[in-house]
Amino acid sequence: MEGFAARTYGTGGPDSRPLFGETSARDRIINLVVGGLTSLLLVVTFISAFVFPQLPPKPVNVFFAFCISLCCISAGILIYWYRQGDLEPKFRNLIYYILFSIVMLCICANLYFHEVGK
């Protein structure tokens, strides 16, 4: 192994930088806030689907919650790939868009479950 020189990739020294750069503290805070609010709204939506307006739950409410959970699975997979470094940073905006869509679905579902507007 002594015959192999460390690769510098034109940086003047060994290159130990992450592939897409490190995330800043601001990015981590944004990710935690967006993820926390989305998770909280999801929990409220799933509880509402099974508890409101009465027990046993309406099949339509359960189906609505099931469809939202399918959207969450695809978002979770994208987030996992992003955190592993398999996706480029430009996919972060797509992840935010998908999470925003899930939040809108949860709000719509809660309005429907609680019969707001009738």
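The structure presented is a predicted model; accordingly, all values stated were derived computationally and were not measured.

(A) Main features of the nonpolar core. Judged by nonpolar contacts, the single largest core of 15 residues is most densely connected at Leu42, Ile68 and Ile102. Elements supplying a minimum of two residues to this core: helix H1 (25-51), helix H2 (59-84) and helix H3 (91-113). Sort the elements by how many residues they give to this core and H3 lands first, with seven residues. Not counting chain neighbours up to four residues away, the residues in contact with Ile68 comprise Leu42, Thr45, Ile102, Leu105, Cys106 and Ala109.

(B) Summary view of a nonpolar patch on the surface. A surface patch of nonpolar side chains, amounting to about 750 Å² of accessible area, comprises Phe63, Phe66, Leu70, Ile73, Ile77, Tyr80 and Trp81. As for its position among the elements, Leu70 is in helix H2.

(C) Structural view of the environment of Phe52. Turning to its location among the elements, Phe52 is positioned in the loop between H1 and H2. We classify Phe52 as partly exposed; its relative accessible area is 35%. Sequence spacing of Phe52 and Asn110 is 58 residues, and the spatial spacing of their C-alpha atoms is 9.5 Å. The contacts of Phe52, once residues within four sequence positions are left out, are Ile47, Asn61 and His114.

(D) Seen up close, H3. A rise of 1.5 Å per residue sets the reference length of H3, with its 23 residues, at 33 Å; its end C-alpha atoms lie 33 Å apart and thus fit the reference within 8%. Among the residues of H3, Ile95, Ile98, Leu99, Ile102, Val103, Cys106, Ala109, Asn110 and Phe113 are the ones counted as buried. Residues of H3 that are buried sit in contact with H1 and H2. Following H3 by one or two positions, Glu115 adopts a phi angle in the positive range, close to 50°.

(E) How the structure looks around H1. Compared with an ideal rise of 1.5 Å per residue, which puts 27 residues at 39 Å, H1 spans 39 Å between its outermost C-alpha atoms and is within 8% of the ideal. Among the residues making up H1, those that are buried are Asp27, Thr38, Leu42, Thr45, Ser48 and Ala49. For H1, the secondary structure elements touched by its buried residues are H2 and H3.

(F) Summary view of the confidence of the model for the protein. A residue-level look at the protein finds 81% of positions with pLDDT of 70 or above and a mean pLDDT of 81. Element-level mean pLDDT values for the protein span from 87 in H1 up to 91 in H3.

Conventions used here
- As a convention, each chain's residues are numbered from 1 in the sequence order in which they are written.
- Where local features are concerned, this predicted model is filtered to residues with pLDDT of at least 70; where side-chain atom pairs are given and counted, the filter is 80 or more; whole-chain, interface and lining totals use all residues.
- Heavy atoms from the whole structure form the basis of all side-chain values; hydrogens and water molecules are not counted.
- Residues belong to one nonpolar core when they are buried, are Ala, Val, Leu, Ile, Met, Phe, Trp, Tyr or Cys, and are joined through side-chain atoms within 4.5 Å.
- We call a residue buried when its accessible area falls under 20% of the maximum for its residue type, exposed when it is over 50%, and partly exposed in between, using a 1.4 Å probe and counting protein chains only.
- In DSSP terms, a helix is any run of H or I states spanning at least four residues, a strand is any run of E spanning at least two, and both are numbered starting from the N terminus.
- By definition, residues are in contact when any of their heavy atoms lie within 4.5 Å.
- Residues enter patches when they are more than 30% accessible in relative terms and free of salt bridges; like-charged ones are connected within 9 Å and nonpolar ones (Val, Leu, Ile, Met, Phe, Trp, Tyr) within 5 Å.
- Per-residue and other accessible areas follow the Shrake-Rupley method at a 1.4 Å probe size, with only the shown protein chains counted as cover for residues.
- Each salt bridge in this description consists of a side-chain nitrogen of Lys or Arg and a carboxyl oxygen of Asp or Glu lying within 4 Å of one another.
- Expected helix span is taken as 1.5 Å per residue step, with the number of steps being one fewer than the number of residues.
- By definition, pLDDT measures how confident the predictor is in each residue, and it falls between 0 and 100.

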